[in-house]
Amino acid sequence: MRFRSIEKSPTGIKGLDMVTGGGFPQGRNTLIYGGPGTGKTFIAVEFLLNGASYYGEPGVLVSFDEPAASIVENFQTDERILEKLIKDGKIFIEDVSVALIPV
């Protein structure tokens, strides 16, 4: 059986690109799964920052438990790169968390 190679999108994260054989599969969804503090948001934001900054690829981050303002604050740099990319419409962060309403 012959396998065809899958085109990859580099993440810009050296070790991750090495382990994944070049990045995430192009044109496919990638789910990053893990418990609190395992680096899911870090990987996602770095991937989006590198994609928008170096490869001209816009991106969307869907957060299920953290507001966009908190994510932007956590990744704030002197250059305010994330804020600029959001303002330019190259990165969009959507918070879809559902507040629990006491019954």
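To be clear, the structure that these remarks concern was listed above.
The structure reproduced in this document is the subject of the present report. (Residues numbered from 1 in each chain as written. Predicted model: local features only at pLDDT ≥ 70, side-chain atom pairs only at ≥ 80, totals over all residues. Heavy atoms only, no water.)

So, helix H2 (residues 40-54)
- In a regular helix each residue adds 1.5 Å, so 15 residues correspond to 21 Å; H2 covers 21 Å between its end C-alpha atoms and thus fits that length.
- Listed in full, the buried residues belonging to H2 are Ala 44, Val 45, Leu 48, Leu 49, Asn 50, Gly 51 and Ala 52.
- Packed against the buried residues of H2 are strand S3 (59-63), helix H3 (68-74), helix H4 (81-87) and strand S4 (91-95).
- Backbone geometry just downstream of H2 places Gly 56 in the positive-phi region, at approximately 65 degrees. (Helix = DSSP H or I, 4+ residues; strand = E, 2+ residues; numbered from the N terminus. Expected span 1.5 Å × (residues − 1). Buried < 20%, exposed > 50% of the residue type's maximum accessible area, 1.4 Å probe, protein only. Contact = heavy atoms within 4.5 Å.)

Thoughts on the pattern of salt bridges
- Across all of its chains, the model carries one salt bridge by this definition.
- In this structure, the salt-bridge partner of Glu 83 is Arg 80, at a minimum N-O distance of 3.1 Å.
- A residue is classified by how much of its surface remains accessible, and Arg 80, at 40% relative accessible area, is partly exposed. (Salt bridge = Lys/Arg side-chain N within 4 Å of Asp/Glu carboxyl O.)

Observations regarding the pairing of S3
- Here S3 shows a clear split, with Gly 59, Leu 61 and Ser 63 buried on one side and none of Val 60 and Val 62 buried on the other.
- Note that S3 and S4 share five bridges and pair parallel. Counterpart to Val 60 in the pairing with S4 is Phe 92. (Pairing = 2+ DSSP bridges.)

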